[in-house]
Amino acid sequence: MNLDFNTDQRALLDAVERIALRHESRSVLGASHFEPSLALQVDLDGAGVFDAATIEELGPVAAAASIHRLAGLPQCVELVAAALVLPLLAPTLPRPCALLWDRRDRPARWLPVARAAVCVAGGKVEWATLSDGDVATVESPFGYPVGRLVAPDALTWQAANVDAGALRRLWRVGVAAELAGCLDAGLQAVVAHVCDRRQFGRPLGAFQAVQHRLANVAVQVEAARWLALQAAHSSRHADAACALAHAQQCTSTVVYDLHQFMGAMGLTLEHPLHRWTTRAKMLRADLGGAQAQQLALADAEWEMEAAA
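Cut-offs applied
- Residues numbered from 1 in each chain as written.
- Predicted model: local features only at pLDDT ≥ 70, side-chain atom pairs only at ≥ 80, totals over all residues.
- Heavy atoms only, no water.
- Helix = DSSP H or I, 4+ residues; strand = E, 2+ residues; numbered from the N terminus.
- Rg over C-alpha atoms; globule rule 2.2 N^0.38 Å.
- Buried < 20%, exposed > 50% of the residue type's maximum accessible area, 1.4 Å probe, protein only.
- Contact = heavy atoms within 4.5 Å.
- Areas by Shrake-Rupley, 256 points an atom, 1.4 Å probe, with all protein chains shown as cover.
- Phe/Tyr/Trp six-rings, centres within 6.5 Å; stacked < 30°, edge-to-face > 60°.
- Lys NZ or Arg CZ within 6 Å of the ring centre and 35° of its normal.
- Expected span 1.5 Å × (residues − 1).
- Polar contact = N/O pair within 3.5 Å; in protein donor to acceptor, adjacent residues only side chain to side chain.
- Pairing = 2+ DSSP bridges.
- Axes fitted to C-alpha atoms, helices over the stretch in contact; angles between N-to-C directions.
- Parallel < 35°, antiparallel > 145°, perpendicular 65-115°, else oblique.
- Left-handed = near helix turned anticlockwise from the far one by under 90°.
- Nonpolar A, V, L, I, M, F, W, Y, C, P; charged D, E, K, R; others polar.

Chemist: For this particular structure, what's the right way to read the overall build of the protein?
Modeler: A count of helical and extended segments in the protein gives nine helices and nine strands. Taking 2.2 N^0.38 as the reference for a compact globule, 308 residues should give roughly 19 Å; the C-alpha atoms of the protein span a radius of gyration of 19 Å, in line with that estimate. Taken over the C-alpha atoms alone, the protein extends approximately 65 × 50 × 35 Å along its principal axes. Every one of the 308 residues in the protein was classed for burial, and the buried ones make up 51%. A fraction of 70% describes how many contacts in the protein between residues 6 or more apart in sequence connect residues 24 or more apart. If you sum the accessible surface of the protein, you get close to 14000 Å²; carbon and sulfur atoms cover 53% of it.

Structure, rendered in structure tokens:
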């Protein structure tokens, strides 16, 4: 994989960075453990960020890198379907769109604000438009709006002319990038904290034990980022499963260490760390969790060997 972004990708990511910095300063902390941002969604639409995956010079790599950066904001917007799944597979579906795995009645993030839902069960992909009253909000500790379809079988589901395997691959890439972005944002906040917080006459970050733990976290988080970008670049099912398996498997340890070094402040609504880590905890279970991705990786590798 070429580790350098091309000129067009850098231009897009610079635009994403400017949008992110502008909205980062507008975040309202202290009121809730999540903060959906319509204004951020409008700015991203206006800048064409969600069209990047379909443009040859940008492609899924730029889309995944954009997801990674935007996942690091205290605010949240629906990213995986908007930036990867819909542009490449179902561009006519309305957004925001909630992705349902395996069952229609499964609680899912973004359902309370979604205009459409896509359900992937086995080799079948179906979609339905949503109206007021179709979704019941589910109270949850996670950093996303979560809902459940009130009467899923009463909706008008239509078969989508979409390859279920391709959708799962893009879904895995998007979740891996979003999860890596959440963990990276939490790591940067904790590093800033241990540099400023002093104990025993020196910063916490000056203690070697703290340095070693956070260095290990940095290795895991940076690996998650590059695996997600590699999966976006290669379009291989095995790479997508590997990227998400790693990100999901390392989440528990990374989140534990981040809160360990941030202390009680990281659990308050006034600090954004809990937003990133509660999102990460929900993403950790997406598509069946790390074990399901490891099985998918083994299946993909076996199929490649059988076809060789």
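Chemist: Honestly, the packing of aromatic side chains in this entry has me stumped. Any pointers?
Modeler: Aromatic ring pairs are described here by two measures, namely the spacing of the ring centres and the angle between the planes. Evaluated as defined, the whole model comprises two aromatic pairs. With 6.0 Å between their ring centres and 65° between their planes, Trp-110 and Tyr-144 make a pair best called edge-to-face. Here Trp-110, found in the loop between strand 2 (108-109) and strand 3 (116-121), pairs with Tyr-144, found in the loop between strand 5 (135-137) and strand 6 (146-149); they are 34 residues apart in sequence, far enough to count as distant. Using a relative accessible area of 1% as the deciding quantity, one classes Tyr-144 as buried. Seen from their ring centres, Phe-200 and Phe-207 are 6.2 Å apart, and the 85° between their planes marks the pair as edge-to-face. It is Arg-109 that lies over the ring of Tyr-144; its NZ or CZ is 5.5 Å from the centre. The ring of Phe-207 carries the charged tip of Arg-202 above its face, separated from the ring centre by 4.1 Å.

Chemist: Teacher, can you tell me more about helix 5 (residues 164-196) here?
Modeler: Each full turn of the α-helix corresponds to 3.6 residues, which orients residues three or four apart in the same direction. For helix 5, which comprises 33 residues, the first-to-last C-alpha distance of 48 Å matches the rise-based estimate of 48 Å (1.5 Å per residue) to within 8%. In terms of burial, helix 5 is a largely internal element, 26 of the 33 residues being buried. For helix 5, the capping residue at the N-terminal end is Asp-163, with a side-chain oxygen 3.3 Å from the backbone nitrogen of Gly-165.

Chemist: Can you help me understand the sheet that holds strand 5 in this one?
Modeler: Sheets are built from strands that pair by backbone hydrogen bonding, the pairs being arranged parallel or antiparallel. Here three strands make up an open sheet; going across it, the order is 2-6-5 and the pairing antiparallel. Every other strand in the sheet has two partners, leaving strand 2 and strand 5 as the edge strands with one partner each. Where strand 5 lies against strand 6, three bridges are found, and the strand directions are antiparallel. What sits directly across from Thr-137, in strand 6, is Gly-147.

Chemist: Sorry if this is basic, but what is going on with the sheet that holds strand 7 (residues 158-159) here?
Modeler: Spatially, 1-3-4-7 is the arrangement adopted by the four strands of the open sheet, whose pairing is mixed. If you trace the sheet from one side to the other, it starts and ends with strand 1 (97-101) and strand 7, each paired once. As judged from the two bridges shared by strand 4 (residues 124-129) and strand 7, these two strands associate in the antiparallel manner. The residue of strand 7 that forms the bridge with Trp-127 is Gln-158. Packed on one face of the sheet, helix 5 meets strand 1, strand 3 and strand 4 and runs near 110° to strand 3.

Chemist: What is the right way to look at the environment of Trp-226 in this model?
Modeler: By the element assignment, Trp-226 lies in helix 6 (residues 208-234). For Trp-226, a relative accessible area of 27% gives the class partly exposed. For Trp-226 and Gln-293, which are 67 residues apart along the polypeptide, the C-alpha to C-alpha distance reads 17 Å.

Chemist: Which parts of the structure should I look at to understand the packing of helix 4 (residues 80-89) against helix 5?
Modeler: Between two packed helices, what matters for the description is the angle formed by their axes and the separation of those axes. Interaxial distance between helix 4 and helix 5 falls to 9 Å at its minimum, and their mutual angle equals 155°. By the angle between their axes, helix 4 is roughly antiparallel relative to helix 5. Two packed elements cross with a definite hand, and for helix 4 against helix 5 that hand is right-handed. For the pair formed by helix 4 and helix 5, the contact residues are Val-80, Leu-84, Val-85, Leu-88 and Leu-89 on the first element and Ala-166, Leu-167, Leu-170, Trp-171, Val-173, Gly-174, Val-175 and Glu-178 on the second. Classifying every residue of the contact of helix 4 with helix 5 gives eleven nonpolar, one polar and one charged.

Interpretation note: all reported values are geometric properties and have no functional meaning in isolation.
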